[in-house]
Amino acid sequence: MNWTLEVVTVPVTDLDRAKEFYADKAGFTVDLDSEVAPGVRVIQLTPPGSRCSIAMLQGMPAAPGTKAMAPGTLQGLQLCVTDIEAARAELVARGVDVSPVRHIGATGWADGKGETWNSFMSFEDPDGNGWTVQEAPSELSQR
């Protein structure tokens, strides 16, 4: 049996502001924006080419046995691209405040690209949820 990661919940304070950021600035596709039950709104977006989406929720109680995350507390979500410099240029052109491209060097983080799998940049959504973008040597389907 496959266990596929398909949706990650991202805690936000303002669904419309977050939807605008992820769709218009980060370039995610809006898959769903619906009131699924009275007072329960779900917005689901997918990064270009990804099989995993994000969901932002309003009015939905936490599932039994889970804990609610405060907006801005989700950190370390990672996207992969095959051209980090082009991806950074696209985000900057869309108005995202994104870090420079960095790599892990002999003494820690250093500016510029590194070797294979060692080029990263980061950005945050309006609530402070943190994303990392890593350069991969090829598309996932080719690895």
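In case you missed it, the structure is sitting above this.
Bear in mind that the values here come from a model prediction, so they are computed numbers and not experimental data. (Residues numbered from 1 in each chain as written. Predicted model: local features only at pLDDT ≥ 70, side-chain atom pairs only at ≥ 80, totals over all residues. Heavy atoms only, no water.)

Participant: Help me understand helix α2 (residues 84–93) in this model?
Facilitator: Side chains of residues three or four places apart in an α-helix project in the same direction, reflecting 3.6 residues per turn. Considered for burial, the residues of α2 that qualify are Ile84, Ala87 and Leu91. Taken around the axis of α2, the buried residues stretch over an arc of 60°, which confines them to a single face. Tucked inside the fold, the buried residues of α2 contact α1 (15–25), β5 (77–81), β8 (120–124) and β9 (130–135). Two or three places before Glu85, at the opening of α2, Asp83 has a side-chain oxygen 3.2 Å from that residue's backbone nitrogen. (Buried < 20%, exposed > 50% of the residue type's maximum accessible area, 1.4 Å probe, protein only. Helix = DSSP H or I, 4+ residues; strand = E, 2+ residues; numbered from the N terminus. Arc of directions from axis to C-beta. Contact = heavy atoms within 4.5 Å. Polar contact = N/O pair within 3.5 Å; in protein donor to acceptor, adjacent residues only side chain to side chain.)

Participant: In this structure, what is going on with the side chain of Ser138? I would like to understand it.
Facilitator: Along the chain, the position of Ser138 falls in the segment after β9. Using a relative accessible area of 17% as the deciding quantity, one classes Ser138 as buried. In this structure Ser138 touches Thr82 and Arg143, once residues within four positions along its chain are discounted.

Participant: Before we go on, may I ask you to explain α1 in this structure?
Facilitator: Every buried residue of α1 is listed here: Leu15, Ala18, Phe21, Tyr22 and Ala23. Elements that come into contact with the buried residues of α1 comprise β2 (29–37), β3 (40–46), β4 (53–58), β8 and β9. Between the side-chain oxygen of the N-cap and the backbone nitrogen of Asp16 there are 3.0 Å, and the N-cap of α1 in question is Asp14. Just downstream of α1, Gly27 is the residue with a positive phi angle, here 80°.

Participant: Hey, could you run me through unusual backbone geometry in this one?
Facilitator: For Trp117, which is not glycine, the phi torsion reads 70° and is therefore positive. Mapped onto the elements, Trp117 comes out in the loop between β7 (108–111) and β8. Given a relative accessible area of 35%, Trp117 falls into the partly exposed group.

Participant: For this particular structure, what's the right way to read the environment of Val7?
Facilitator: As for its position among the elements, Val7 is in strand β1 (residues 7–9). With relative accessibility at 40%, the residue Val7 sits in the partly exposed group. Expressed as a C-alpha distance, the spacing of Val7 and Asn129, which sit 122 residues apart in the sequence, is 16 Å. Look past the residues within four positions of Val7 in its chain and what remains in contact with it is Gln44, Cys52, Ser53, Ile54 and Ala55.

Participant: Got a minute to help me understand the side chain of Asn129 in this structure?
Facilitator: With respect to the helices and strands, Asn129 occurs in the loop between β8 and β9. A polar contact of 3.1 Å, which involves the side chain of Asn129, links it to the backbone nitrogen of Leu74. At 2.9 Å, the side chain of Asn129 and the side chain of Asp125 are in polar contact. If we skip the residues at most four places from it in the chain, Asn129 touches Val10, Pro11, Val12, Tyr22, Pro71, Gly72, Thr73, Leu74, Gln75, Phe123 and Glu124.

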